[in-house]
Amino acid sequence: MYICLCRGISNHDVRDAVKDGAQTAKCVFKSCGKKPKCGKCIMYLSDCISQQSSEPLSRDLSLSRVTL
Ligand code: FES
């Protein structure tokens, strides 16, 4: 799902950016190599970052259980 329509940033892009350490919308844009245009997505990006920030830990734990 696209979060930023102007720059084509998806929730998967946000997930990858968060995995790389992005904690703000600005960091997500930088991680994607893009700059904001209209700025209407900032609130949605922030929500997505918060959501993604809490999910990877549980995913990593479940994956570590599988590989052990
Ligand atoms: S929707 Fe993201 S900059 Fe316009």
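To start, this report covers the structure provided alongside it. (Residues numbered from 1 in each chain as written. Predicted model: local features only at pLDDT ≥ 70, side-chain atom pairs only at ≥ 80, totals over all residues.)

### Comments concerning the overall build of the chain
Note the threshold: A run of DSSP states H or I qualifies as a helix once it reaches four residues; a run of E qualifies as a strand once it reaches two. Both are numbered from the N-terminal end. Any residue surrounded by 20 or more other C-beta atoms within 10 Å of its C-beta is treated as buried, while 12 or fewer makes it exposed and the intermediate range makes it partly exposed; C-beta atoms here are placed from the backbone. Note on contacts: each residue gets a C-beta atom placed from the backbone, and two residues are in contact if those atoms are within 7 Å.
Tallying secondary structure elements over the chain gives three helices and two strands in all. For the chain, the sequential pattern of α-helices and β-strands runs β-β-α-α-α. Buried residues in the chain amount to 24% of all 68 residues. Within the chain, residue pairs in contact and separated by at least 24 positions form 47% of the contacts whose partners lie at least 6 positions apart.

### Digging into the packing of helix α1 (residues 11-19) against helix α2 (residues 25-32)
What counts is decided by this rule: Helix axes are fitted only over the stretch in contact, all axes being lines through C-alpha atoms; the angle between N-to-C directions runs from 0 to 180 degrees. Under this scheme an angle from 65 to 115 degrees is roughly perpendicular, one under 35 degrees roughly parallel, and one over 145 degrees roughly antiparallel; angles in between are oblique. Ten residues, namely Ala, Val, Leu, Ile, Met, Phe, Trp, Tyr, Cys and Pro, are considered nonpolar, four, namely Asp, Glu, Lys and Arg, are considered charged, and the remaining ones, Gly among them, are considered polar.
It is at 9 Å that the axes of α1 and α2 come closest, and there the two elements cross at 100°. Here α2 runs roughly perpendicular to α1, going by the angle between their axes. For the pair α1 and α2, the contacting residues are Asp13, Val14 and Ala17 in the first and Cys27, Val28, Ser31 and Cys32 in the second. When grouped by side-chain class, the residues that make up the contact of α1 with α2 number five nonpolar, one polar and one charged.

### Details of the nonpolar core
So the rule is basically this: One nonpolar core equals one set of buried Ala, Val, Leu, Ile, Met, Phe, Trp, Tyr and Cys residues connected by C-beta atoms within 7 Å.
With 14 residues, the main nonpolar core has Ile3, Val14, Val28, Leu45 and Ile49 as its most contacted residues. Listing elements by their share of this core, those giving two or more residues are β1 (2-4), α1, α2 and α3 (42-67). Among residues more than four places away in sequence, those in contact with Ile3 are Ile9, Ser10, Asn11, Val14, Cys41, Tyr44, Leu45 and Cys48.

### Considerations on the environment of Ile42
Mapped onto the elements, Ile42 comes out in helix α3. The exposure class assigned to Ile42 is partly exposed, which follows from the 17 C-beta atoms found within 10 Å. Considered as a pair, Ile42 and Lys26 are 16 residues apart in the sequence and their alpha carbons are 8.5 Å apart.

### Considering α1
Every buried residue of α1 is accounted for by Asp13, Val14, Arg15, Ala17 and Val18. Directly after α1, the chain includes Gly21, whose backbone phi takes a positive value near 110°.

### Description of the environment of Ile49
Of note, Ile49 is situated in helix α3. Ile49 gets classed as buried once you count the C-beta atoms within 10 Å, which come to 21. Here the alpha-carbon distance between Ile49 and Ala22, two residues 27 residues apart in the chain, equals 8.0 Å. Among all residues touching Ile49, those that are not within four sequence positions of it are Val14, Val18, Ala22, Gln23 and Val28.

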